[in-house]
Amino acid sequence: MGLFDRFKKRFKKTDEKEITVEENSPEAEEAVEQGKRLKEALEGSRPIPVEASSPSPEIENEWDDSDEITEDPFAKPVGRKERKKARRAASVEKAEQPTESKKPITKNPMQSTTGHGLVAKGPTEIEVDLGESATKTGGRVVMASDKLDRILEDLEEELLSSDMAQSAVEEVILTLKATLIGTRISTTKKLEVVVEKALRSTLLRLLEAGYWDFDKTVNTFLADASPVTIMLVGVNGTGKTTTTAKIAHRLSQQGHSVVLAAADTFRAGAIDQLATHADRLGVRCIRSQRGGDAAAVARDAVESAKARGEDIVIIDTAGRMQNKTNLMEELRKVHRVTQPHLVIFVADALAGNDAVTQAVEFQRMLSFDGAALCKLDTDAKGGAALSIAHATGRPIVLAGIGQGYDDLIDFDPAWLIDTILE
Ligand SMILES: Nc1nc2c(ncn2[C@@H]2O[C@H](COP(=O)(O)OP(=O)(O)OP(=O)(O)O)[C@@H](O)[C@H]2O)c(=O)[nH]1
Ligand SMILES: [Mg+2]
């Protein structure tokens, strides 16, 4: 039995009269007023999305202006190895220095961390008729009551058990309460239907906030300049490398030329893992030796793609726990040096509430534009997705639904809500 079935069962036992009053009565008018006040209070208290606490300084493409184009280090035997190494080190070194021309990181939710416009995805059209139109006469109005509070407490427990974080659940319950109190329901419309619709629309709003379309956004960037750089970040084992390969496959199929950057130089086998995907997909992979400088590899990939007129660079980074400051600093360095168009936080749906903590910390340290939620084909409960969106103010845009290259889809908020509720 799904979350909502259990909730509805309890609801069915509720006598409508316990939580509603006759329309046009003074109590009904008071309930309408109270509903309005609750909605206003809620609007005023919405949490501000987490932004990176000390934003990565923006570098004015300092290696763009280099009059010498660096070749792909793996396309040919390296002749001027030492000089190039020194140049690369100097360039990365320079990127680490704070510059005068810092542009502040944008607070606009529809702009990427590097200030590129994200293409919004339209909201899902769902019928959110709470019965108002059918209630010209003979209706009832939901009022504040202990019984309503108890019902909402039950729902709160159910949502918490589906892996939603406390803060997200609280927001949902408050929004639901504000939506319900003062709502007219017709005598023919069952209260549980009204509540279900209100709950769906509340959850949907949470997931669709700042939601952008992956393909359209990439194509808009491409119309401007290439290569478009996409950087994947996240803790260990969430699915970054697999998602890198899936995105490469997806964009290749759309006719774009793709280059992968093996910027996980930390874990043994990580470079070969990505190179194997690249071989299978027929795309290039820029890499170094294990222990090499991740930022230098990423920068080489972008330079190389630029020199060859290729469209997309996808940077696969090493998994790291969000509390490892030096590793997080390395990630910020990759970001500073490459100024990626998009930063995707890769989350593991199975990690539940831990995924939320990780997302919040990554957002604080680096800022990301959207999340890819992987392993949704497993028995993950899904509530983490709602919480990630709520806690970071960044949407889930992609969903991993298996280990194959085709198993990456646009994240569908309505589908997730059905999964949680049904
Ligand atoms: N079922 C399922 N498995 C997935 C999905 N995405 C990734 N995996 C699996 O999760 C495991 C880890 O994936 P990786 O892509 O190596 O994860 P990673 O984040 O790169 O790991 P590190 O580089 O070690 O941090 C692999 O066995 C993948 O096949 C998914 O959407 N569904
Ligand atoms: Mg990996």
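What comes next is a walk through the structure.

How each quantity is defined
Residues numbered from 1 in each chain as written. Chains lettered and ligands numbered in written order. Predicted model: local features only at pLDDT ≥ 70, side-chain atom pairs only at ≥ 80, totals over all residues. Heavy atoms only, no water. Helix = DSSP H or I, 4+ residues; strand = E, 2+ residues; numbered from the N terminus. Expected span 1.5 Å × (residues − 1). Buried < 20%, exposed > 50% of the residue type's maximum accessible area, 1.4 Å probe, protein only. Near = heavy atom within 4 Å. Polar contact = N/O pair within 3.5 Å; in protein donor to acceptor, adjacent residues only side chain to side chain. Areas by Shrake-Rupley, 256 points an atom, 1.4 Å probe, with all protein chains shown as cover. Nonpolar A, V, L, I, M, F, W, Y, C, P; charged D, E, K, R; others polar. Pairing = 2+ DSSP bridges. Right-handed = clockwise from strand over helix to strand, strands pointing away.

### Quick word on helix H7 (residues 191–208)
In this model H7 runs 26 Å from its N-terminal to its C-terminal C-alpha over 18 residues, within 8% of the 26 Å that 1.5 Å per residue would give. Taken across its 18 residues, H7 has 16 buried, putting it largely inside the fold. Just past H7, the residue Gly210 takes up positive phi, approximately 70°.

### Quick notes on the site of ligand 1
Lining the immediate surroundings of ligand 1 are 20 residues, of which Lys240, Thr241, Thr242, Asp377 and Gln403 lie closest. Contacts to ligand 1 include Arg267, whose side-chain N or O atom sits 3.0 Å from an oxygen atom. Asp377 is positioned such that a nitrogen or oxygen atom in its side chain is 2.8 Å from a nitrogen atom of ligand 1. Here ligand 1 loses 81% of its free accessible area of 650 Å² to cover by the protein chains. The element best represented in the shell around ligand 1 is helix H9 (residues 240–253), accounting for four residues. For the shell around ligand 1, the residue count by class is three nonpolar, eleven polar and six charged.

### Here's the deal with the pairing of strand S8 (residues 342–348)
Of all seven residues in S8, seven are buried, a share of seventy percent or more. On S8, burial covers both faces: Leu342, Ile344, Val346 and Asp348 on one face and Val343, Phe345 and Ala347 on the other are all buried. Where strand S4 (residues 228–233) meets S8, four bridges bridge the pair, whose relative direction is parallel. Residue pairing for S8: Leu232 is matched across the bridge by Ile344. Bridging between S8 and strand S9 (residues 370–374) involves five bridges; their strand directions are parallel. Residue pairing across strands places Ala347 opposite Leu373, the latter belonging to S9. Between the parallel elements S8 and S9, the chain passes through helix H13 (residues 353–365) in a crossover that is right-handed.

Function cannot be read off these values alone, since they describe shape.
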